[in-house]
Amino acid sequence: MVLNHLSHYQPHRLASRASLCFLLALFFSLASASSSLNPGLGAIKLRHSRLLRSAVQRETSPLQLSNLWSPLENRGWKACDKHSDVPSLPEKSEGYIQVFLDGGLNQQRMGICDAVAVAKILNATLVIPYLEVNPVWRDSSSFVDIFDVDHFIDVLKDDISIVRELPEEFSWSTREYYAAAIRETRIKSAPVHATAQWYLDSVLPVLQSYGIAAISPFSHRLTYDNLPMDIQRLRCKVNFQALVFVPHIRALGDALISRLRYPQDSAGEMGTNYLQESTETSDRKGARKFVVLHLRFDKDMAAHSACDFGGGKLEKLALAKYRQRIWQGRVLNSQFTDEELRSQGRCPMTPEEIGLLLAALGFDNNTRLYLASHKVFGGGARIATLRDLFPLMESKKSLATADERALITGKASLLAAVDYYVGMHSDIFISASPGNMHNAMVGHRTYLNMKTVRPNMALMGQLFLNKSIEWSEFQQAVVEGHRNRQGELRLRRPKQSIYTYPAPDCMCQA
Ligand SMILES: *[C@@H]1O[C@H](CO)[C@@H](O)[C@H](O)[C@H]1NC(C)=O
Ligand SMILES: *[C@@H]1O[C@H](CO)[C@@H](O)[C@H](O)[C@H]1NC(C)=O
Ligand SMILES: *[C@@H]1O[C@H](CO)[C@@H](O)[C@H](O)[C@H]1NC(C)=O
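Residues numbered from 1 in each chain as written. Chains lettered and ligands numbered in written order. Predicted model: local features only at pLDDT ≥ 70, side-chain atom pairs only at ≥ 80, totals over all residues. Heavy atoms only, no water.

(A) Inspection of the state of the cysteines at higher detail. Throughout the structure, instances matching the rule amount to three disulfides. Each sulfur of the disulfide joining Cys80 and Cys508 lies 2.1 Å from the other. Every disulfide takes its handedness from the sign of the S-S torsion; for Cys80 and Cys508 that torsion is 100 degrees, giving right-handed. Of this pair, Cys80 sits in the loop between strand E1 (77–79) and strand E2 (96–101) while Cys508 sits in strand E13 (residues 507–509); the two residues are 428 residues apart in sequence, bridging distant segments of the chain. The class for Cys508 is partly exposed, based on a relative accessible area of 26%. Cys307 shares a disulfide with Cys347; S-S distance 2.1 Å. Looking down the S-S bond of the Cys307 and Cys347 bridge, the torsion is -90 degrees, so its handedness is left-handed. On the criterion of sequence distance, the pair formed by Cys307 in the loop between helix H14 (299–305) and helix H15 (312–327) and Cys347 in the loop between helix H16 (338–343) and helix H17 (351–361) is long-range, its members being 40 residues apart. (Disulfide = S-S within 2.5 Å. Helix = DSSP H or I, 4+ residues; strand = E, 2+ residues; numbered from the N terminus. Buried < 20%, exposed > 50% of the residue type's maximum accessible area, 1.4 Å probe, protein only.)

(B) Just empty space enclosed by the protein, in detail. By the definition in use, this model includes six cavities of 30 Å³ or more. Considering only enclosed or pocket space, the second largest cavity measures out at about 100 Å³ in volume. Contributing to the lining of the second largest cavity are Val442, Thr446, Thr452, Arg454, Gly487, Glu488, Arg490, Thr500, Tyr501 and Pro502. Among the residues making up the lining of the second largest cavity, the classes are represented as three nonpolar, four polar and three charged. (1 Å grid on protein atoms, 1.4 Å probe; cavity = no way out; pocket = protein on both sides within 12 Å on 5 of 7 lines; lining within 4 Å. Points joined across faces, edges and corners; volume = space filled by probe spheres on them. Nonpolar A, V, L, I, M, F, W, Y, C, P; charged D, E, K, R; others polar.)

(C) Inspection of H17 at higher detail. Judged by how many residues are buried, H17 sits mostly within the fold: 11 of 11 residues are covered. If you check which residues of H17 are buried, you get Pro351, Glu352, Glu353, Ile354, Gly355, Leu356, Leu357, Leu358, Ala359, Ala360 and Leu361.

(D) Representation of the packing of helix H5 (residues 105–122) against helix H11 (residues 229–242). Put simply, H5 and H11 touch, their axes get as near as 9 Å, and they point 140 degrees apart. One way to sum up the angle between H5 and H11 is to call them oblique. When the axes of H5 and H11 are compared, the crossing they make is right-handed. Every residue of H11 that contacts H5 at Arg109, Ile112, Cys113, Asp114, Val116, Ala117, Lys120 and Ile121 is listed here: Ile231, Leu234, Arg235, Val238 and Asn239. In the contact of H5 with H11, the residues fall into eight nonpolar, one polar and four charged. (Axes fitted to C-alpha atoms, helices over the stretch in contact; angles between N-to-C directions. Parallel < 35°, antiparallel > 145°, perpendicular 65-115°, else oblique. Left-handed = near helix turned anticlockwise from the far one by under 90°. Contact = heavy atoms within 4.5 Å.)

(E) Structural view of the packing of aromatic side chains. Scanning the entire structure with this criterion turns up 18 aromatic pairs. In this structure an aromatic cluster arises from ring pairing among Tyr96, Phe100, Tyr130, Phe170, Trp172, Tyr177 and Tyr178. Above the face of the Phe390 ring, Arg58 is positioned so that its terminal group lies 5.0 Å from the ring centre. Sitting above the plane of the Tyr177 ring, Arg183 keeps its charged end 3.8 Å from the centroid. (Phe/Tyr/Trp six-rings, centres within 6.5 Å; stacked < 30°, edge-to-face > 60°. Lys NZ or Arg CZ within 6 Å of the ring centre and 35° of its normal.)

(F) Seen up close, the layout of surface pockets. Considered as a void within the structure, the largest pocket measures approximately 820 Å³ in volume. Contributing to the lining of the largest pocket are 29 residues, with Asp298, Ser373, His374, Lys375 and Val376 lying nearest its centre. Broken down by secondary-structure element, the contributors of at least two residues to the lining of the largest pocket are H14, H15, strand E9 (369–373), helix H18 (379–389), strand E10 (393–395), helix H19 (396–399) and helix H21 (412–424). Of the residues that make up the lining of the largest pocket, three or more belong to each of domain 1 (5–70 + 288–398 + 426–433 + 461–482) and domain 2 (96–242). (Domains from an automatic or database assignment.)

(G) Summary view of the sheet that holds E9. Here we have five strands laid out as an open sheet, ordered E10-E9-E8-E11-E12, and parallel in their pairing. Here the strands that pair on one side only, and so sit at the sheet edges, are E10 and strand E12 (451–453). Averaged over all pairs of adjacent strands, the angle between strand axes in this sheet comes to 25 degrees, irrespective of strand direction. In the sheet, E9 pairs with E10 via three bridges, with the strands oriented parallel. From the neighbouring strand, Tyr370 faces E10, where its bridge partner is Glu394. (Pairing = 2+ DSSP bridges.)

(H) The packing of H21 against helix H22 (residues 436–447), seen in detail. The interhelical angle for the contact between H21 and H22, taken along N-to-C directions, is 35 degrees, at an axis separation of 11 Å. Considering only the axes of H21 and H22, their crossing is right-handed. Of H22, the residues touching H21 (which contributes Asp419, Tyr420, Gly423 and Met424) are Met437, Ala440, Met441, His444 and Arg445. Classifying every residue of the contact of H21 with H22 gives five nonpolar, two polar and two charged.

(I) Molecular detail of the site of ligand 1. Near ligand 1, the surroundings consist of Pro90, Glu94, Ile121, Asn123, Leu200 and Leu204. With respect to ligand 1, the side chain of Glu94 contributes an N or O atom lying 3.4 Å from an oxygen atom. Protein chains shield 45% of the accessible area of ligand 1, which is 360 Å² for the free molecule. Looking at the shell around ligand 1 residue by residue, the class counts come to four nonpolar, one polar and one charged. (Near = heavy atom within 4 Å. Polar contact = N/O pair within 3.5 Å; in protein donor to acceptor, adjacent residues only side chain to side chain. Areas by Shrake-Rupley, 256 points an atom, 1.4 Å probe, with all protein chains shown as cover.)

(J) Representation of the environment of Ser431 within the structure. Within the element layout of this structure, Ser431 appears in strand E11 (residues 428–431). A relative accessible area of 1% means that Ser431 is categorised as buried. For Ser431 and Thr452, which are 21 residues apart along the polypeptide, the C-alpha to C-alpha distance reads 8.8 Å. The residues touching Ser431, leaving out its near neighbours within four places in the chain, are His294, Ile354, His438, Val453 and Pro455. For Ser431, the side chain forms a polar contact with the side chain of His294, separated by 3.0 Å. Within the structure, the side chain of Ser431 is placed 3.0 Å from the backbone oxygen of Ser433, a separation counted as a polar contact.

Below, the structure is given as structure tokens:
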């Protein structure tokens, strides 16, 4: 990845211990008192107003548009056919594997795939993974609230044994039990990217002695390299086949997709519940194309990047305060100037900047843009800039009724699941910062040969630093810099994630 530090940014890892010294506390309480007088964090200054003025008046040729929206060519790779292996369930289970997964939805997703692989390596029975509550996302939804557990167990039934809950005799093995003291059944020291042999040497004996092993932490604890092909294929099978969202998430996602594709049909009928809507859309004419923009511009991301986003002094103070509260100020990026960070491509793009990127790529003002995001830092003012460029912008909120959203409101993982689902059905997907969601989408869409724009962050940072660049030059540089970044298949290299680069492990040459 271009941006290792962003992909590896894991808010959950950082304790939220508040250890402000008195002076800082005083300083920041003054700052927040003044910002509360001005909830909009002061006027958000447009950083690139000259480019924006030109972008609003942009014109895109029909040829450019048709190239932009055309699907990817067949690259000779596709998902491997189901291998007709005889069922390979071990005759006897070595015991139960329990994992506790932190991170947001997409990090947990990879953890689930790895857990299945580890259970297979050990001939163990997997307990449905426990999803920790993340301090940033604060969603207590469990596996069964998010993923279709019956489907999960059924798809994997010939590969491993899975139980929803531990049997009575092991019911003591809980998160609370492990939080209270050091326990012999807990594996606490799994190395990052541990090998299969490590699991056989270090976890199998625990299983054999106690009948159970609880692994925590578990994120990123299984290597991507030198594993038997059947284990790699199994990871792909979990990620791309076994993990599907619960029916109500899929139904809501389908309703949103239908409203994006057939806006004329849904005008005026927003009061209807998706459950009553006709789903026979396959033979309908005139489907519109749409692009999903994942805007990971939440406060934690903005603060952690330590970049300047043009919100002036109050914004800087608010972000510094957040860094202090969540990471006690220990944020590597804060040693660098904004200019240094930008020229290295280390700043997540603001709505304004990703809007300029999309406009430069040729998306015109008729583009249907679905905004996948959580809480955009700087809120409405920042979104307004994007809407100036893309008036037909939609989101979960604009497309669904309050009733429809009731089951997911306030639940970050379920909201992210809806965005993932819609993202998987879009003609084009693009993310404004290369984190876990971006990587998960790049991988899943590569697997299905779908177009995905990977922003060239360093190039964009450098272009945005140039205050005298003209629109035509900007546009040309953007187009050239993204020519080979639209979903072309790239084979996984050693150490790279199988979930971001599914070829060649999960894909076969047609
Ligand atoms: C798992 O089971 C297979 C056969 O079912 C056996 O060949 C393999 O050695 C077992 N591995 C472990 C770690 O028990
Ligand atoms: C797009 O721009 C053109 C020309 O500037 C304008 O006429 C049209 O109304 C705009 N479309 C939308 C959906 O705003
Ligand atoms: C900014 O862009 C202009 C026009 O393309 C170019 O001439 C100039 O060298 C650039 N400046 C920097 C610092 O890159």
